[in-house]
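# A structural walkthrough
As a plain string of letters, each chain reads:
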Amino acid sequence: MSDNPDFIIDRLDQELATLPAANNESRQHLIELGYIPLMKTNALHSIDVVKASDQFLSEALSSGLFPSAEIEQLKQQGKDYLIRQLLRKATDIDEGINIPTLPMEGAVNLITRIIHYRLDIFGLWPHAIATRHTSINTLSQLKVIAGYAQCSPLEAINFLSDMEAFTRRLLSIYEEKDFILTIHSQQVSGDLKKKLDRRFAFKRQLIEDFGDRNDFFIFLRKHILKERENKIDFDFLKKEARNDFKQFIMRLIQIHQWQEGFYDGLLDSNMGELTLKSFLDAIDLYNKANNRWIKPHRIITYVEDGYFLFNALFFLQEYMIEDHAPQQRKEDDLVLSAMADNLAKADEGTQLAFQQNMEQLKKEIRQGAETPPKERKGFLHRVYYGIKRLIKKAAKLAGKLFNWIVDKVKEGWKFLKKLFTHFFEQLSEGLKAFIDGIKFLIGRRAIHTASENNFIISSFSIDGDAVSLVSTGAVQLIPSHLRQVNYWVGAMQFSLAIAGGVLKIIMQALNALSWPILLFTIIKVYKNISKSFKNLQL
Amino acid sequence: MSKLDDIFAKIEKATTDLTTLKIQTVMGDLELQNDGHIGFKKGQTIQGVISNIDLIDGDIKTQITEEFYKNYPELVQFHQAREVKGHEIIANNIDTLKTIIETIKNLPQSK
């Protein structure tokens, strides 16, 4: 890497321009929470997004769901960042918001939207998200989840803020046989059916796992997992495929797969080719990660006439439940440090391969990020942005990720894309703050507020001096201008701290850093300073 | 002067020259000027308020045009809010700026 600090600062500026933008995330969440109607998705104007963002922020600030210290800390990184992070929290189903009480009859606010959003994820909300909360509509749907989880409606909606805890709950309540699911899909290709038709291996596995434990497993062996079609009890399969609870578990698995990035189709309960392939992708990844060779028939088999049997018990226990408690920050650091350490030890060729493949990841993530959210068949084609489980899994794989990038391992590429989406986001926020801090250090910083022919411009310098130019007739812009200025003043302290931290690294380690190591180090500076600002607020 | 030298020079100036705070709020017909900056159209009377605040002895000198005072109370309030923010910018950032300077000066590679 160059030993010229000016060159490095310019290159960091250029790096920022190549990072994936986060605009689509906020747009998606605003649609998910009903601030933008679903039917507007495919013809969205920026004014719709601005109005929806303002409405969301207003509801979020008055909802009582976010501690004021947290709001103040997020404000330090600007209004867009504040909105995006609050939106992400509102739509998070890994470590989502706990709802203290159910809303009043007839209410429409952020809490009602979150409840409807969570029901919608499970296919249990047929109305618009912005519909009023009523006993007839909302409570009756909440009672479905409450019935499955054997809890109150309020507990049920809070279970849906943590998919892992919810899954554990269901696994603890229901019998093994309730997790052997029947899927019916005529849309699956002949090739995939043929590939998955391992009914005898599946039967052997059932015997090994469950023996003669109950009539259900005996029945499957005797009347379903048969070679000859006329020996198969299709009435039983039909009934099983329509079992409400089992359909619900199937949807739960689709959600897990979506959260982990294996499934990128619509959340629509349609268990077609994409969902089935996502199971195979998951098995491939975990085999690669754990040096195990679990075969697809351990989990799934094709039977006949579009019917599949799926061992959701094994799938959920093996892949979707983590043993240890969340320690996201430490785990995040562990992954970054492992990569930086491996890079520092690697020879020049390996470093180059790493850098090239990291660029490839960035390019692919950016292409995805530039695709706006789409509505299809009445469903939102969406991406999951929560990170808790992603980081937990990444920490378990920390020792392997470096080589996966260098070797561009096929099985791990989707996972790496999801993980690096998170890293690039942090890098982008860190670099934005750095560049903003540097710009303020070099010259005056101007804040503009404009409407039609009227505008106010306030410019500031680091010694506190300020000049505000107000065009005649711009008095009505004062409230919004004041809000902008206040956000900026809060953000500047953070930006200067980041600028200081990054300048220090550049000066300390000229010549000693490779470009990717510098970028990882900036992510760590950003995280550490964010943490110290958070502690200050608390 | 390199960008980094420029940054250090600015920070040093800011950290040693903080005795006065100058806040201006001025109103009139604005236009885009030849140099690319926004400025007032020529030939008009500019309305506004300028405050010079001495941060050491606490003296505050404020000059305000009569019409501005009478007709634009919102802007007078806005100006007062800018004075508060000016203090905040200094109070919030001065330690950070000093830390940047000290850290970088103590490094062996520093110029």
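This one's a predicted model, so the numbers in the text were calculated from it and none came from an experiment. (Residues numbered from 1 in each chain as written. Chains lettered and ligands numbered in written order. Predicted model: local features only at pLDDT ≥ 70, side-chain atom pairs only at ≥ 80, totals over all residues. Heavy atoms only, no water.)

### Here's the deal with the overall build of chain A
Check the secondary structure of chain A and you find 23 helices and 8 strands. Taken over the C-alpha atoms alone, chain A extends approximately 85 × 65 × 40 Å along its principal axes. Here chain A holds 538 residues, and the buried ones make up 58% of them. If you take every contact in chain A between residues at least 6 apart in sequence, the share linking residues at least 24 apart comes to 71%. For chain A, the exposed surface amounts to about 22,600 Å²; the carbon and sulfur share of it is 50%. On chain A, the mean spot of the 70 positive side-chain charges and the mean spot of the 65 negative ones are 3 Å from each other. (Helix = DSSP H or I, 4+ residues; strand = E, 2+ residues; numbered from the N terminus. Buried < 20%, exposed > 50% of the residue type's maximum accessible area, 1.4 Å probe, protein only. Contact = heavy atoms within 4.5 Å. Areas by Shrake-Rupley, 256 points an atom, 1.4 Å probe, with all protein chains shown as cover. Lys, Arg positive; Asp, Glu negative; His and termini not counted. Charge placed at Lys NZ, Arg CZ, Asp CG, Glu CD.)

### Topic: the nonpolar core
All names here are of chain A. Of all hydrophobic cores here, the largest spans 186 residues; its most connected members are Leu-12, Phe-310, Phe-420 and Phe-434. Counting residues per element, this core draws most heavily on helix α21 (residues 413-442), at 15 residues. In this structure Phe-420 touches Met-339, Met-358, Leu-361, Ile-365, Ile-405 and Phe-520, once residues within four positions along its chain are discounted. (Core = buried A, V, L, I, M, F, W, Y, C linked by side-chain atoms within 4.5 Å.)

### Things to note about the interface of chain B and chain A
Taken together, the contact pairs 44 residues of chain B with 43 residues of chain A. Both faces combined, the contact of chain B with chain A buries some 3,900 Å², and carbon together with sulfur accounts for 70% of it. Along the contact surface separating chain B from chain A lie 6 residue pairs in polar contact (both at pLDDT 80 or more). Mapped by element, the contributors of at least two residues to the side of chain B that touches chain A are α1 (3-16), β1 (20-28), β3 (38-40) and α3 (73-106) of chain B. For the side of chain B that touches chain A, the element with the highest residue contribution is α3(B), accounting for 17 residues. Residues that form the side of chain B that touches chain A fall into these classes: 22 nonpolar, 12 polar and 10 charged. The sheet contact formed by strand β8 (residues 466-471) of chain A and β1(B) spans 6 bridges and is parallel. Its bridge partner lying in β1(B), Ser471(A) is registered against Gly28(B). (Buried area = accessible area lost by both parts, 1.4 Å probe. Polar contact = N/O pair within 3.5 Å; in protein donor to acceptor, adjacent residues only side chain to side chain. Nonpolar A, V, L, I, M, F, W, Y, C, P; charged D, E, K, R; others polar. Pairing = 2+ DSSP bridges.)

### Some thoughts on the pattern of salt bridges
Residue and element names in this part refer to chain A. Throughout the structure, instances matching the rule amount to 31 salt bridges over all chains. Residues Lys-79 and Asp-54 are paired through a salt bridge, measuring 3.4 Å at the closest nitrogen-oxygen approach. In this pair, Lys-79 sits in helix α5 (residues 79-91) while Asp-54 sits in helix α3 (residues 46-63), placing the two residues 25 residues apart along the sequence. Classification of Lys-79 as partly exposed rests on a relative accessible area of 31%. Between Glu-318 and Arg-292 there is a salt bridge whose closest N-O contact spans 2.3 Å. With Glu-318 in helix α16 (residues 312-320) and Arg-292 in the loop between α15 (273-290) and β2 (300-302), this pair connects stretches of sequence that are 26 residues apart. Each member of the salt-bridge network shares a partner with another, and the members are Glu-25, Arg-84, Arg-88, Glu-425, Glu-429 and Lys-432. (Salt bridge = Lys/Arg side-chain N within 4 Å of Asp/Glu carboxyl O.)

### Regarding the packing of α21(A) against helix α22 (residues 478-508) of chain A
Residues and elements named next belong to chain A. Following both chains from N to C, one finds α21 and α22 inclined at 95°, their axes separated by 7 Å at the closest point. Relative to α22, α21 is oriented roughly perpendicular. Where α21 abuts α22, its residues Gly-430, Ala-433, Phe-434, Asp-436, Gly-437, Ile-438, Phe-440 and Leu-441 lie against Trp-488, Met-492, Phe-494, Ser-495, Leu-496, Ile-498, Ala-499, Val-502, Leu-503 and Ile-506. Here the residues of the contact of α21 with α22 are counted per class, giving 14 nonpolar, 3 polar and 1 charged. (Axes fitted to C-alpha atoms, helices over the stretch in contact; angles between N-to-C directions. Parallel < 35°, antiparallel > 145°, perpendicular 65-115°, else oblique.)

### Digging into the sheet that holds strand β4 (residues 47-54) of chain B
The strands that make up a sheet pair up through hydrogen bonds in the backbone, lying either parallel or antiparallel. Strand order in the open sheet formed by 6 strands is β6(A)-β7(A)-β8(A)-β1(B)-β4(B)-β5(B), with mixed pairing between adjacent strands. Either end of the sheet is taken by a strand with one partner, and the two such strands are β6 (445-451) of chain A together with β5 (60-64) of chain B. The average undirected angle you get between the axes of adjacent strands in this sheet is 5°. When strand β7 (residues 454-460) of chain A meets β8(A), the two strands line up antiparallel, connected through 5 bridges. Bridge pairing in β8(A) links Ile457(A) to Leu469(A).

### Points about the confidence of the model for chain B
Residue and element names in this part refer to chain B. Across chain B, the average pLDDT comes to 75, with 70% of residues at 70 or higher. Averaged pLDDT values over the elements of chain B bottom out at 69 in α1 and peak at 85 in helix α2 (residues 66-71). Our summary of model confidence lists the complex with pTM equal to 0.81 and ipTM equal to 0.78. (pLDDT = per-residue confidence, 0-100.)

### Comments concerning helix α9 (residues 163-173) of chain A
Side chains three or four residues apart in an α-helix point the same way, a direct result of the helix having 3.6 residues per turn. Listed as buried for α9(A) are Met163(A), Glu164(A), Phe166(A), Thr167(A), Leu170(A) and Leu171(A). The arc that holds the buried residues of α9(A), viewed along the axis, is 160°, so those residues lie on one side. (Arc of directions from axis to C-beta.)

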